[in-house]
Amino acid sequence: NNFVQKLVKKEIPDEIPEFSVGKSEIGILDLISHVTKFADSNSEARRLVTANAVSLDGEKVTDPSTVVKISGEHVLKVGKRKFARIQRKPQ
């Protein structure tokens, strides 16, 4: 079932929320707290990053000052169950 698929295989669920970013670059904390609202504040987002709870396109993000270049489509994962598809807003 879907639950097992997500947890055991660590696969991305089929239906995840999509977010558009109007800039070509955005700080990882802004992405987590302001764009996706996966964290209530930048300090909570920082805690998630330093706790190794954040990955982008399957790569762990461990530095809170990371700047993400938005090109094409990216998958952000926060914690075990929060996924978001991030893409650049069409100009």
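Summarised in this report is the structure supplied together with it. (Residues numbered from 1 in each chain as written. Predicted model: local features only at pLDDT ≥ 70, side-chain atom pairs only at ≥ 80, totals over all residues. Heavy atoms only, no water.)

1. Looking at the side chain of S33
Moving on, step 1. Mapping S33 onto the fold places it in helix α2 (residues 28-35).
Moving on, step 2. Since its relative accessible area comes to 4%, S33 is described here as buried.
Moving on, step 3. If sequence neighbours within four positions are ignored, S33 has contacts with A39, S41, N42 and A45. (Helix = DSSP H or I, 4+ residues; strand = E, 2+ residues; numbered from the N terminus. Buried < 20%, exposed > 50% of the residue type's maximum accessible area, 1.4 Å probe, protein only. Contact = heavy atoms within 4.5 Å.)

2. What about the sheet that holds strand β3 (residues 54-56)?
Moving on, step 1. The sheet built from 5 strands is open, its strands ordered β1-β7-β6-β3-β4 with mixed pairing. With partners counted over all chains shown, the strands left at the sheet margins are β1 (18-21) and β4 (59-60), one partner each.
Moving on, step 2. Across 6 bridges, strand β6 (residues 73-78) lies against strand β7 (residues 82-88) in antiparallel orientation. Paired with K77 across the bridge in β7 is F83.
Moving on, step 3. On the sheet, α2 packs against β1, β3, β6 and β7 and is oriented at approximately 75° with respect to β6. (Pairing = 2+ DSSP bridges. Axes fitted to C-alpha atoms, helices over the stretch in contact; angles between N-to-C directions.)

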